[in-house]
Amino acid sequence: MSEISRRDFAKLAGLAGVGAWASSAWAPFAIAQGAAKVVIVGGGAGGATVAHYLKKEAPELDVTLIEANPIYSSSFFSNLYIGGLRTLESLNHNYGGLRRLGVKVVHDFATDIDAAKKTVKTRGGRTYAYDRLVLSPGIDVKYDSIPGYSRDVSRTMPHAYTTAAAGKRALKQQLTAMRDGGTVVMVTPTDPYRCPPGPYERACMIAHYLKTKKPKSKLVILDPKKAFSKQPVFTEAFDKYYKNIIELNLTTEIDDYAVTSLDPKTKEIVTKAGKKVKADVANIIPQQRAGEIAVKAGCTEGDWCPINPDNFASKKVQNVYVLGDASIAAPMPKSAFSANSQAKVVVADILGELAKKEKFPARYRNTCWSLLAPDDDVKIGANYAPKDGKLDASGGFVSQKGEAADVRKANYQESIGWYDGITADMFAKAGPAAADQKKAG
Ligand SMILES: Cc1cc2nc3c(=O)[nH]c(=O)nc-3n(C[C@H](O)[C@H](O)[C@H](O)COP(=O)(O)OP(=O)(O)OC[C@H]3O[C@@H](n4cnc5c(N)ncnc54)[C@H](O)[C@@H]3O)c2cc1C
């Protein structure tokens, strides 16, 4: 990562605080319990960051990261791949940096958690004991939230909304294979779901692809919501760039675009209001819930996991933290930026507990960028802090309609710096450990 993007990321992520606790108030760490064991399930935006900073700040800790896949294919920036502005490979990241730092990276699937015995079981038949457990498993898709949809049907009508590369590839291949003049249908979920602006950035990127490669085609959005994130700037972009391509069907008081049936053979989709659309390509994004392992751990209430906003400790199970998309952190959105920010607080809390250090007030931050068209990028963000048992937002900002092209282009450059920065931060790609490794040859 370049020095500029590293600096930009630190600035964007509000990392001054992390640097501060890492280098002064929190160091050196005298781990009261010797090689205390921390097990992390899920090596994505939340879990990989926790593994990185725990091991970096307290090398004597025994840190195990259980992650199902050897390669992380980021959901964030995947819309740019769909739009033809980025390769699928550019979304890939491995765990070499974390391994070099001393994190025990295990590629296996966690299947069960015994909170009383403080153990995690994996599909590979191993059992891992922990003093502290961190869960950042992201989302599972609720296939049955859309009549006619299923895991099987998702192979032909992909959601492309998780870290699985196959779904993204399938959606892109179907768009590429579609005739000019075809109809793409997008079905969007109701709140809460991963990345609130994600479906609408995707709509822009699909429409950009159609406009440049298959201009006679159209994109029909069936939206069960009445409103969505950054709506004014998205609808402005739909009108400005994709007027004859995007048809947005938003639910109103009388009209309802929730899907009531979907036929995978004919690809006909019907809504509650009786609208019928026959898709050539269908991108179905269903409702979501916390990753299954959070359910197994007993951390869920309904679909998601209640947490203490001071430290993201589970409100339901002792010695367990839940962060990222799986947690109930509203008004923080379910985003990679949020998960990475929450991870820093989880690390500080674990080190505070194990080293019996004073704890400092938690502070969080989020920014979400969305690309509307090449070089036209918008953003939304805020700071968050615990207040009265909840998270309280302050300093919020959002892009406005009619902004100058150079402002939007600067947003795009900023988003690229953020992507490079957060992935380096998650996977310990740069910094002292990587530099030491290089020196060591
Ligand atoms: C189209 C799209 C665009 C997006 N754009 C942005 C954006 O611009 N900015 C932004 O900040 N966010 C964006 N996001 C959201 C972002 O991807 C997520 O919020 C973020 O990845 C959440 O981090 P997480 O750690 O909770 O989960 P993830 O990053 O999904 O990581 C979870 C990991 O856990 C692993 N796992 C799950 N269960 C198990 C188990 N039982 N055993 C072992 N491993 C397990 C998975 O393999 C996965 O690697 C976008 C999402 C989508 C879908």
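Residues numbered from 1 in each chain as written. Predicted model: local features only at pLDDT ≥ 70, side-chain atom pairs only at ≥ 80, totals over all residues. Heavy atoms only, no water.

Peer 1: Lay out the site of the ligand with the relevant residues and their values.
Peer 2: Taken together, the neighbourhood of the ligand is formed by 36 residues, with Glu67, Tyr72, Ser136, Arg194 and Asp325 sitting nearest. Between the ligand and Ser136, the relevant distance is 2.8 Å, taken from an oxygen atom to a side-chain nitrogen or oxygen of the residue. At 2.9 Å from an oxygen atom of the ligand is found a main-chain nitrogen or oxygen belonging to Phe337. When the ligand sits alone it has 1000 Å² of accessible area, and the protein chains cover 96% of it. The set of elements that each furnish at least two residues to the shell around the ligand consists of β2 (62–67), α4 (78–82) and α10 (336–354). (Near = heavy atom within 4 Å. Polar contact = N/O pair within 3.5 Å; in protein donor to acceptor, adjacent residues only side chain to side chain. Areas by Shrake-Rupley, 256 points an atom, 1.4 Å probe, with all protein chains shown as cover. Helix = DSSP H or I, 4+ residues; strand = E, 2+ residues; numbered from the N terminus.)

Peer 1: Outline the pairing of strand β22 (residues 364–373), supporting the account with residue identities and numerical values.
Peer 2: Here is the key point about a regular strand: its side chains alternate between the two faces of the sheet. When you tally the buried positions in β22, you get nine out of ten residues, the bulk of the element. Where β22 folds back onto strand β23 (residues 376–387) in an antiparallel hairpin, the turn is made up of two residues, including Asp375, whose phi is positive at roughly 65°. (Buried < 20%, exposed > 50% of the residue type's maximum accessible area, 1.4 Å probe, protein only. Pairing = 2+ DSSP bridges.)

Peer 1: I'd like to hear about the packing of α10 against helix α11 (residues 405–427), residue by residue, with values.
Peer 2: Interaxial distance between α10 and α11 falls to 11 Å at its minimum, and their mutual angle equals 40°. Overall, the two elements α10 and α11 adopt an arrangement that is oblique. In the packing of α10 onto α11, the handedness of the crossing is left-handed. Counted together, Ala336, Phe337, Asn340 and Lys344 of α10 and Trp418, Ile422, Asp425 and Met426 of α11 form the full contact between these two elements. Of the residues in the contact of α10 with α11, the class split is five nonpolar, one polar and two charged. (Axes fitted to C-alpha atoms, helices over the stretch in contact; angles between N-to-C directions. Parallel < 35°, antiparallel > 145°, perpendicular 65-115°, else oblique. Left-handed = near helix turned anticlockwise from the far one by under 90°. Contact = heavy atoms within 4.5 Å. Nonpolar A, V, L, I, M, F, W, Y, C, P; charged D, E, K, R; others polar.)

Peer 1: Give a description of the sheet that holds β23 that names residues and reports values.
Peer 2: Strand order in this open sheet of three strands is β22-β23-β24, and the pairing throughout is antiparallel. Looking along the sheet, the strands with just one partner apiece sit at the ends: β22 and β24 (390–398). Neighbouring strand axes in the sheet, compared pairwise and without regard to direction, differ in orientation by 20° on average. Of the pairings in the sheet, the one linking β22 to β23 comprises nine bridges and is antiparallel in character. If you follow Trp369 over to β23, its bridge partner there is Lys379. Relative to the sheet, α11 contacts β22 and β23, its axis offset from that of β23 by approximately 60°.

Peer 1: Can you break down the sheet that holds strand β6 (residues 110–114) residue by residue, with the values?
Peer 2: The three strands are arranged β6-β7-β8 in an open sheet whose pairing can be described as antiparallel. The open sheet has two edge strands with one neighbour each: β6 and β8 (127–129). Recorded for the sheet is a direction-independent mean angle of 20° between the axes of neighbouring strands. Where strand β7 (residues 119–122) meets β8, three bridges bridge the pair, whose relative direction is antiparallel. Considered in β8, the bridge of Thr119 is made with Ala129.

Peer 1: Can you lay out the nonpolar core for me, pointing to particular residues and giving the numbers?
Peer 2: Formed by 113 residues in total, the largest nonpolar core has its most connected members in Leu54, Leu98, Val120, Leu135 and Leu219. No other element matches the ten residues that α10 contributes to this core. If we skip the residues at most four places from it in the chain, Val120 touches Val39, Val41, Ile66, Ala110, Asp112, Ile113, Arg126, Thr127, Tyr128, Tyr130 and Leu133. Residues Val220, Leu222, Tyr257 and Ala282 belong to the second largest nonpolar core, which totals 18 residues. (Core = buried A, V, L, I, M, F, W, Y, C linked by side-chain atoms within 4.5 Å.)

Peer 1: How would you explain the pairing of strand β15 (residues 268–271) if you had to name every residue and give the values?
Peer 2: Looking at chain direction, strand β14 (residues 259–263) and β15 are connected through four bridges and run antiparallel. Residue pairing in the sheet places Asp263 in a bridge with Glu268 of β15. Both β15 and strand β16 (residues 276–278) contribute to a ladder of three bridges, which runs antiparallel. Pairing of Glu268 across the sheet is with Lys278, part of β16. Counting the residues between successive antiparallel strands, the hairpin from β15 to β16 contains four residues, one of them, Gly274, with a positive phi of roughly 95°.

Peer 1: Tell me what's going on with α10, and back it up with residues and numbers.
Peer 2: Over its 19 residues, α10 runs 27 Å from end to end, which matches the ideal 27 Å to within 8%, given 1.5 Å per residue. In terms of burial, α10 is largely enclosed, as 18 of its 19 residues are buried. (Expected span 1.5 Å × (residues − 1).)

Peer 1: Any chance you could break down unusual backbone geometry for me, citing the residues and the numbers?
Peer 2: Omega for the peptide link from Asp191 to Pro192 comes to -5°, which places this bond in the cis form. Mapping Pro192 onto the fold places it in the loop between β11 (183–187) and α7 (198–213). A cis amide bond, omega 15°, links Ala330 with the succeeding residue Pro331. If you check the backbone angles, Lys230 has positive phi at about 55° while not being a glycine. The backbone of Ala428 sits at a positive phi, close to 50°, despite the residue not being glycine. Within the secondary structure layout, Ala428 lies in the loop between α11 and α12 (432–440).

Peer 1: I'd like a description of the pattern of salt bridges, backed by residues and values.
Peer 2: Applying the stated criterion to the full structure yields 18 salt bridges. One salt bridge connects Lys225 with Asp223, and the closest N-O pair in it is separated by 3.1 Å. Accessibility expressed as a relative area gives 0% for Asp223, which makes it buried. Lys243 is paired through a salt bridge with Asp239; the nearest N and O atoms lie 2.9 Å apart. Taking the relative accessible area as the measure of exposure, Lys243 reaches 56% and is therefore exposed. (Salt bridge = Lys/Arg side-chain N within 4 Å of Asp/Glu carboxyl O.)

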